[in-house]
Amino acid sequence: MNDLLCAASALSSLLALTYWARAVPTRAWGDASAPGAASPQRVGGVVLGTLLLQTTAAVVAAGWAAGFSLVLTAWMGLGWLLVLAMNHWPQPTLRWAPRLGWVGGGICALVLGVQGLQLGGTH
């Protein structure tokens, strides 16, 4: 279960990275004022929420040091891969990167919720 939670935690960074990329002018995805671009306030909320969720999941799965390292590495590594994918396949990346991020975030929330219910029932 911890491996799944670590993988989902890393994958969820794609959600925030995609929102962030849509909020600024990019060569692949065009102007930030285009339809579908998120407002800076919404981007900030998605980024902070994703960071909180994925850091909590990673720390629960792997401990403090490994959890923070996983999150930082996921942002750097998947951010680099997202830029490469955006420049080579902009439309498929625009469709699939946020979906994969939502899947990762959903798995994190589901596993954390189940663990929270299990902890709540043991008292």
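Residues numbered from 1 in each chain as written. Predicted model: local features only at pLDDT ≥ 70, side-chain atom pairs only at ≥ 80, totals over all residues. Heavy atoms only, no water.

## As for the overall build of the chain
Put simply, the test is: Helix numbers and strand numbers start at the N terminus; a helix is a DSSP run of H or I with at least 4 residues, a strand a run of E with at least 2. Residue exposure (1.4 Å probe, protein chains only): buried if accessible area is under 20% of the type maximum, exposed if over 50%, otherwise partly exposed. Only heavy atoms matter for contacts: two residues are in contact if any of them lie within 4.5 Å across the pair. Residue exposure ignores everything except the shown protein chains as possible cover, and the areas themselves are Shrake-Rupley values with a 1.4 Å probe.
Broken down by element type, the chain carries four helices and zero strands. Going from the N terminus to the C terminus, the chain shows its helices and strands as α-α-α-α. Evaluated residue by residue, the chain yields a buried proportion of 38% over its 123 residues. Taking contacts inside the chain between residues at least 6 apart in sequence as the whole, the part at least 24 apart equals 73%. As presented, the chain carries roughly 7200 Å² of accessible surface, and 72% of it is formed by carbon and sulfur atoms.

## What about the side chain of Ser13?
The condition that has to hold: A 3.5 Å cut-off defines polar contacts: any pair of N or O atoms within that distance qualifies, except that in protein one atom must be a possible hydrogen donor and the other a possible acceptor, and neighbouring residues in sequence count only when both atoms are side-chain atoms.
With respect to the helices and strands, the residue Ser13 is situated in helix α1 (residues 2-23). Residue Ser13 is classed as buried on the basis of its relative accessible area, which comes to 0%. A distance of 2.7 Å separates a polar atom in the side chain of Ser13 from the backbone oxygen of Ala10. With residues near it in sequence (within four places) discarded, Ser13 still touches Thr50, Gln54, Ala74, Trp75 and Leu78.

## As for the packing of aromatic side chains
The line we're drawing: In summary, the pairing rule links any two rings of Phe, Tyr or Trp, Trp by its six-membered ring, whose centres are within 6.5 Å, and it sorts them by plane angle into stacked for under 30 degrees, edge-to-face for over 60 and tilted for everything else. Distance and angle both matter: a charge sits over a ring if NZ of Lys or CZ of Arg is within 6 Å of the ring centre and within 35 degrees of the ring normal.
A full pass over the atoms with the stated rule returns two aromatic pairs. Plain terms: the ring middles of Trp64 and Phe68 are 5.7 Å apart, the flat faces sit at 20° to each other, and that makes the pair stacked. Of the two residues, Trp64 and Phe68 both sit in helix α3 (residues 64-88), four residues apart, roughly one turn of that helix. The exposed category is assigned to Trp64, whose relative accessible area is 61%. For Arg99, the ring lying beneath its charged end belongs to Trp96, and the centroid distance is 4.8 Å.

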